[in-house]
Each structure stands twice: as C-alpha cells, then as structure tokens.
Amino acid sequence: MELMVLAGSFALLLVLGVPVAFAIGLSSIATILAAGLPVAVVFQKMLGGMQVFSFLAIPFFVFAGELMLYGGIADRIVRFANSLVGHVRGGLGMSNVLGCTLFGGVAGSPLADVSAMGSVMIPLMKKEGYHADYAVNVTTHAALVGALTPTSHNLIIFTLATTGIASVSVFSLILAGVIPALILTLCNLAAAYWVAVKRGYPTHGSFPGWGAVLRAFLGALPGLLIVVIILAGILSGIFTATESAATAVFWALLITAVVYRTLSWENFLKACAKACKTTGVVLLLIGISSAFGYFMALYEVPQKTGELMQSVTSEPWVIFLMINVLLFVLGTFLDMAATMLICTPIFLPIAQAFGMDPVQFGVMMLINCALGLNTPPVGTTQFVGCAIGQISVGQVMRSIAPFYGALGLCLLLVTYVPAFSLWLPALFK
C-alpha cells in the first residue's frame, strides 16, 4: 500500500504540473503518513542527502559555466570552429556543432551552451539562408555533449545517486565520457552535413588557411584550457574533483576578467545570481530525492523491478534495451538531475546483475538524460533553442530524425560496446 501511495501520488502531482522537487517531497510525506512513521524522517533524509563535502563541486562547476557564458568565451570559440569547417557545404551548421561542443566542454552545461552559442549562431544561420528548424536542431543536439564533459556537475550528481549501490569515482566517470563525447560529436557532424547536402545549403568562401586557423585557435585556447587543467590536475593528484571545480572558477575569472577583459561587473552579478539559483534548485532536488530513494530502498523497488524485467526476458541485451526505453520515456517528463537521482537506485542494480559496469551505466544514463533535454514536454534545451530561433517545437520535431539518429547511435554503442566508456578509465586506473 505504501508503495502504491508513493508511486501514485508522485505520478498524480507530475500530471497536475507540480514542480518535480515539490512532487517528490509531497509524495514522500504522503508515504510517511500512510506508513505511520514520523514526518521528521523525511527532513532527516533531506539534510543527510545534502551534507556531503563532494557536493561543493556542484556550485563551483555551475558558477564556472555561468562565468564562461557571460564572459564572452563563445565568440572566440565560434571564430575557431568557423575557420576549421566554415568552407564546406553547410559549413555554418558544422561550425555550430564544433562550437557548441567546445563551449559545452568548457561550460559543462547543455542549457548554458544553447543560451550562449544559440544566441550567436541561430540568428546568423537564419540570416545566411539556413532554415530555422535546422539551425535549432544542430545547436540543441551539439550542446548535449556538455553533459559528458569534465566540467559537468551532472557527473557529481550521478556519483551521489550510486551511494550505497556501487563505488563510482568522479574521475573514472570523467574519463569514461571522453570517447562517447567524441563519438557523439562525429555523429552530430555527420547528421549536420547530411541534412545540409540534402537541402542544398551553400558553402561560405574558401578555406582561410592554417595560419588563420592557428590564430583563431590561440584566441580560443585560454578558455579551452580549463578542460586540460581539470584532467591533468586530478590525474597528477594535485587536486581532487572538488578542488578542480574551485580551480575552474578561478580560471574562468582570470580569463574573462583579466585576459579577455569581456566580463563586466553587471554580467558578473548576473553570473552570481544565476549560479545561486541553479545550485539551490539542484541541492533541493538532491535532498528531497534522498528521502524518495530511502522509501524506494525500504519497499524494495529495485528488486521488484528487476524481477518484473526478468519475468519478461533473461537476455542481457533485451534488459539493457528496456532500461534505455524506460529512461528515455521518464527523461521526457523529468529534468536531468531528477531522472538520475530517481532512476539510478532502480536500474543500476539491475544493470549490474546482467554484467554492466557502474561507470558504463553512468555514461549511458547521462546520454539518455541528455536526450530527454531535447524531447518535449520538458525538453529545456529545445525550448530555449526554439525561443531563440523563433520557431515552434512542432516544426523542429518534424525534422529532428537525423539528429535523434546520431544521438541514438552513440547511445547504442555505449550500451553494447563497453570499451567505448571503460577503456580510458582502465588505462588510467
């Protein structure tokens, strides 16, 4: 009965349009009352879930991303990307893919990526004769790579969600996302080029020469170095993942305020306010999800779900496909952090039982959650991209298939070929 109250109240609140964090909290309180336990249990689990030292990395990574967003890093990255591929057919689309990928690697946030790069590239592509739906799809799908990069705070959230289930280090997860991020970028480039050729989009000038590429690269290099600093610092043992996040903030301030001199005082305050708001939302969700996870463990939700799946089939590849489908469906209704916090305790034990490594599962989960960011009804990156491109979501969805295919191919490779996500962590273990 308590489990029915938990699941039923949560689903009902989501249907009524209650924000996810409040839906989780209210359904937890309803379950406590149905079980006859003291309501204080919910608040104890909330506080315990948020009081983890490693979570300091979350506000630091979020703040670093906002500084990059408001500090003018995007313009230099666009120039570098355009110098590389701007001369090929559909060059602006491919430049958009590279630019979003590079900025996503620096900012670590798909939403910040779409906001920064989309504001520059989508109007420019429309001006040059590209259709709005193509410009939006290219931008929003390329931005999803930011969820897999070293500066992504979602990596920290996933490691939290594995607490008590498996031991997953942040550094292993960072390394595991590198090759899938490269694969996803190549798939996005292929999709952008294929659509550009099919629609007959023009080329834009000739190759400017390697000298121009080098100058554009040097202009963007200080901002791009943040990823190298994080990986080298953690690998060498100079600092931990939490300390690397603080280093990212310091470097972002140094580059935007001192080197580029593009961060005004007004934009600095905007970055501070946005980072505080995002951090508050994420930590509230983490705390409430800890209480929700307590009830799922108490009423053996993972075990019951696993038994249900095994009653359907015992083939690992079918189980993994079912997990992907369920994660995709849930990701269309839930935010990225909420999906990871709710679904990881349910599906990770099942995936482990059928031979999937927790780190591999983490990358699979991140790609699935990123796909949800670009799918209605909750797809936040898609809504932002459509707002910038001044086009409806329905129009964008009609031509989204090639880009979904690129993301789906990457997801299948990570799911069924463990080496794509586990080779680098094993190399540096």
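Calculation rules
Residues numbered from 1 in each chain as written. Predicted model: local features only at pLDDT ≥ 70, side-chain atom pairs only at ≥ 80, totals over all residues. Heavy atoms only, no water. Helix = DSSP H or I, 4+ residues; strand = E, 2+ residues; numbered from the N terminus. Expected span 1.5 Å × (residues − 1). Buried < 20%, exposed > 50% of the residue type's maximum accessible area, 1.4 Å probe, protein only. Arc of directions from axis to C-beta. UniProt positions renumbered as here; feature names shortened; annotations may be inferred. Salt bridge = Lys/Arg side-chain N within 4 Å of Asp/Glu carboxyl O. Polar contact = N/O pair within 3.5 Å; in protein donor to acceptor, adjacent residues only side chain to side chain. Contact = heavy atoms within 4.5 Å. Axes fitted to C-alpha atoms, helices over the stretch in contact; angles between N-to-C directions. Parallel < 35°, antiparallel > 145°, perpendicular 65-115°, else oblique. Left-handed = near helix turned anticlockwise from the far one by under 90°. Nonpolar A, V, L, I, M, F, W, Y, C, P; charged D, E, K, R; others polar. Disulfide = S-S within 2.5 Å. Patch = residues over 30% accessible without salt bridge, like charges linked within 9 Å, V, L, I, M, F, W, Y side chains within 5 Å. Areas by Shrake-Rupley, 256 points an atom, 1.4 Å probe, with all protein chains shown as cover.

Chemist: Hey, could you run me through helix H16 (residues 316-331) in this one?
Modeler: Since the α-helix packs 3.6 residues into each turn, any two residues three or four apart lie on the same face. A rise of 1.5 Å per residue sets the reference length of H16, with its 16 residues, at 22 Å; its end C-alpha atoms lie 22 Å apart and thus fit the reference within 8%. Among all positions in H16, only Ile319, Phe320, Ile323, Asn324, Leu327 and Gly331 are buried. Down the axis of H16, the buried side of the element spans an arc of 140 degrees, and every buried residue falls inside it.

Chemist: Would you explain the UniProt feature "transmembrane region" (unreviewed entry) in the protein chain in this entry?
Modeler: Mapped onto this structure's residue numbering, the UniProt feature "transmembrane region" (unreviewed entry) falls at residues 50-70, 170-195, 216-239, 245-263, 275-297, 317-334 and 403-428. From the first C-alpha to the last, residues 170-195 spans 37 Å; its make-up is 96% helix and 0% strand.

Chemist: Help me understand the environment of Val259 in this model?
Modeler: Relative to the assigned elements, Val259 resides in helix H13 (residues 241-259). A C-alpha to C-alpha distance of 9.8 Å links Val259 and Gly223, two positions 36 residues apart in sequence.

Chemist: What is the right way to read the pattern of salt bridges from this model?
Modeler: Pairing between side chains of opposite charge can happen when the charged atoms of each approach one another. Applying the stated criterion across every chain, the model contains two salt bridges. Residues Asp133 and Arg199 are paired through a salt bridge, measuring 2.9 Å at the closest nitrogen-oxygen approach. With Asp133 in helix H8 (residues 132-143) and Arg199 in helix H11 (residues 178-199), this residue pair connects regions lying 66 residues apart in the sequence. Between Glu266 and Lys270 there is a salt bridge whose closest N-O contact spans 3.7 Å.

Chemist: Sorry, what's going on with the side chain of Asn96 here?
Modeler: Structurally, Asn96 is set in helix H6 (residues 91-107). A polar atom in the side chain of Asn96 sits 2.7 Å from the side chain of Thr139. Once you skip the residues sitting within four places of it in the chain, Asn96 turns out to touch Met121, Met125, Ala135, Val138, Thr139 and Ala142.

Chemist: Looking at this structure, how should I read the packing of helix H5 (residues 73-85) against H6?
Modeler: Angle between the axes and distance between the axes: these two values describe a pair of packed helices. Here H5 crosses H6 at 135 degrees, and the two axes come no closer than 8 Å. The angle between H5 and H6 places the two elements in the oblique class. Both H5 and H6 take part in a crossing whose hand is right-handed. In contact with Ile73, Ala74, Ile77, Phe80, Ala81, Asn82, Leu84 and Val85 of H5, H6 contributes Gly91, Leu92, Met94, Ser95, Leu98, Gly99, Leu102 and Phe103. Here the contact of H5 with H6 is built from residues that sort into twelve nonpolar, four polar and no charged.

Chemist: Mind showing me how you'd approach unusual backbone geometry here?
Modeler: You will see that Arg261, though not glycine, has its phi angle at about 55 degrees, which is positive. Using a relative accessible area of 72% as the deciding quantity, one classes Arg261 as exposed. Located in the positive-phi region is Gln390, a residue other than glycine, with phi close to 55 degrees. With respect to the helices and strands, the residue Gln390 is situated in the loop between helix H19 (380-389) and helix H20 (393-397).

Chemist: What should I look at first to understand the state of the cysteines in this one?
Modeler: Covalent bonding between the sulfur atoms of two cysteines defines a disulfide. Taken as a whole and assessed by the stated rule, the structure comprises zero disulfides. Its sulfur unpaired, Cys276 is 6.6 Å from the next cysteine sulfur, which belongs to Cys272. By relative accessible area, which is 58% here, Cys276 ends up exposed. Here Cys386 is not cross-linked by a disulfide; its sulfur's nearest cysteine counterpart is in Cys100, at 14 Å.

Chemist: Please explain a nonpolar patch on the surface as it appears in this structure.
Modeler: Taken together, the side chains of Trp317, Leu321, Val325, Val329, Leu412, Tyr416 and Val417 present a nonpolar region at the surface, about 580 Å² in accessible area. Counting only elements with at least two residues in the nonpolar patch, the list comes to H16 and helix H21 (401-416). No other element matches H16, which puts four residues into the nonpolar patch. One can find Val417 in the loop between H21 and helix H22 (419-427). We classify Val417 as partly exposed; its relative accessible area is 32%.

Chemist: How should the packing of H16 against helix H18 (residues 358-373) be read in this particular structure?
Modeler: Orientation of H16 relative to H18, taken along the N-to-C sense of each, is 40 degrees, at an axis distance of 8 Å. Of the possible angle classes, the one that applies to H16 and H18 is oblique. Seen along the crossing, H16 lies across H18 with a hand that is right-handed. For the pair formed by H16 and H18, the contact residues are Ile323, Asn324, Leu327, Phe328 and Gly331 on the first element and Phe361, Met364, Met365, Asn368, Leu371 and Gly372 on the second. Split into classes, the residues belonging to the contact of H16 with H18 amount to seven nonpolar, four polar and no charged.

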